[in-house]
Amino acid sequence: MTLRDVGGGDIDVFYKHQLDPAAIWMAAFTSRNPEGRDAFDSHWRKVLDDRSNTVKTILFNGGIAGHVAKYIDEGRPEVTYWIDRALWGKGIATDALLKFLAIVAVCPIFARAARDNIASLTVLKKCGFVITGDGTGYANGRRGEVEEFVLRLD
Ligand SMILES: CC(C)(COP(=O)(O)OP(=O)(O)OC[C@H]1O[C@@H](n2cnc3c(N)ncnc32)[C@H](O)[C@@H]1OP(=O)(O)O)[C@@H](O)C(=O)NCCC(=O)NCCS
């Protein structure tokens, strides 16, 4: 598993990853319409143009396995990640997040996950995050209110 800067063609692959229904349910807090390619491209242009963000493509066995990113939410750095469903359960997210945290090197750093997103919570805990809060918000991926945990790494 390696990380590299995001290349132009990577966005096509990220688009396919975020169309997976099981992944959308799991992540819950997704875009309103994952199939909307124009909105997806415009979102990614903004993400990559914003110099306060750090975004890396995750490579596994030479192919694009997903992405991991740090962005600023309400003044606080937060991480997010997405792995191709075909590659779940191989430790890729955990490995990628550990490497990514060493690159961004900022503390404290935060994350959020739906309370029932056990895989993501496991990844975060293995990387040293601890649950510091919870809340409820509208989740496009489930078209309803979803409880989430807020996690923090010091
Ligand atoms: C969450 C996600 C990134 C995990 O990626 P991954 O590469 O499969 O994660 P890893 O293999 O590094 O670790 C997953 C851990 O969760 C565990 N896990 C996975 N599904 C689980 C479940 N339903 N119940 C309990 N544990 C589960 C795995 O066993 C593994 O733990 P282990 O290493 O102790 O065995 C991936 O499922 C994904 O992209 N989901 C959709 C997007 C998303 O939810 N992003 C996070 C938003 S907060």
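These remarks concern the structure in this document. (Residues numbered from 1 in each chain as written. Predicted model: local features only at pLDDT ≥ 70, side-chain atom pairs only at ≥ 80, totals over all residues.)

1. Some thoughts on the site of the ligand
Then, number 1: Taken together, 21 residues are adjacent to the ligand, and Trp88, Ala93, Thr94, Ala119 and Thr122 come closest.
Then, number 2: For the shell around the ligand, the secondary structure elements donating two or more residues are α2 (21–27), β4 (76–83), α4 (92–104) and α5 (118–126).
Then, number 3: For the shell around the ligand, the element with the most residues is α5, which contributes 5 residues.
Then, number 4: Of the residues that constitute the shell around the ligand, the class distribution is 13 nonpolar, 7 polar and 1 charged. (Near = placed C-beta within 6 Å. Helix = DSSP H or I, 4+ residues; strand = E, 2+ residues; numbered from the N terminus. Nonpolar A, V, L, I, M, F, W, Y, C, P; charged D, E, K, R; others polar.)

2. Regarding unusual backbone geometry
Then, number 1: Cis rather than trans, the peptide bond between Cys107 and Pro108 has omega equal to -5°.
Then, number 2: Of note, Pro108 is situated in the loop between α4 and β5 (109–114).
Then, number 3: Unusually for a residue other than glycine, Ala28 sits at a positive phi of about 65°.
Then, number 4: Locating Ala28 in the fold gives a position in the loop between α2 and α3 (37–49).
Then, number 5: With 23 C-beta atoms counted inside 10 Å, the residue Ala28 sits in the buried group.
Then, number 6: Here the phi dihedral of Ala105 falls at roughly 45°; this positive angle occurs in a residue that is not glycine.
Then, number 7: Relative to the elements of secondary structure, Ala105 occurs in the loop between α4 and β5. (Buried ≥ 20, exposed ≤ 12 C-beta atoms within 10 Å, placed from the backbone.)

3. With respect to the environment of Asp95
Then, number 1: Mapped onto the fold, Asp95 is located in helix α4.
Then, number 2: Sequence separation of Asp95 and Phe60 is 35 residues, and the distance between their C-alpha atoms is 11 Å.

4. A closer look at the nonpolar core
Generally speaking, a soluble globular protein has its nonpolar side chains buried in company with each other.
Then, number 1: Ranked by internal contacts, the top residues of the largest apolar core, which has 27 residues, are Val68, Tyr81, Ala93, Ala96, Leu97 and Leu124.
Then, number 2: Elements represented by at least two residues in this core include exactly α2, β3 (63–73), β4, α4, β5, α5 and β7 (144–153).
Then, number 3: The element contributing the most residues to this core is α4, with 5 residues.
Then, number 4: In this structure Ala96 touches Met1, Leu3, Ile58, Val68 and Tyr81, once residues within four positions along its chain are discounted. (Core = buried A, V, L, I, M, F, W, Y, C linked by C-beta atoms within 7 Å. Contact = placed C-beta atoms within 7 Å.)

5. Details of the pairing of β5
Then, number 1: By the criterion of burial, β5 is predominantly enclosed, with 5 of the 6 residues buried.
Then, number 2: The sheet contact formed by β5 and β7 spans 6 bridges and is antiparallel. By the bridge assignment for β7, Ala114 is matched with Glu148. (Pairing = 2+ DSSP bridges.)

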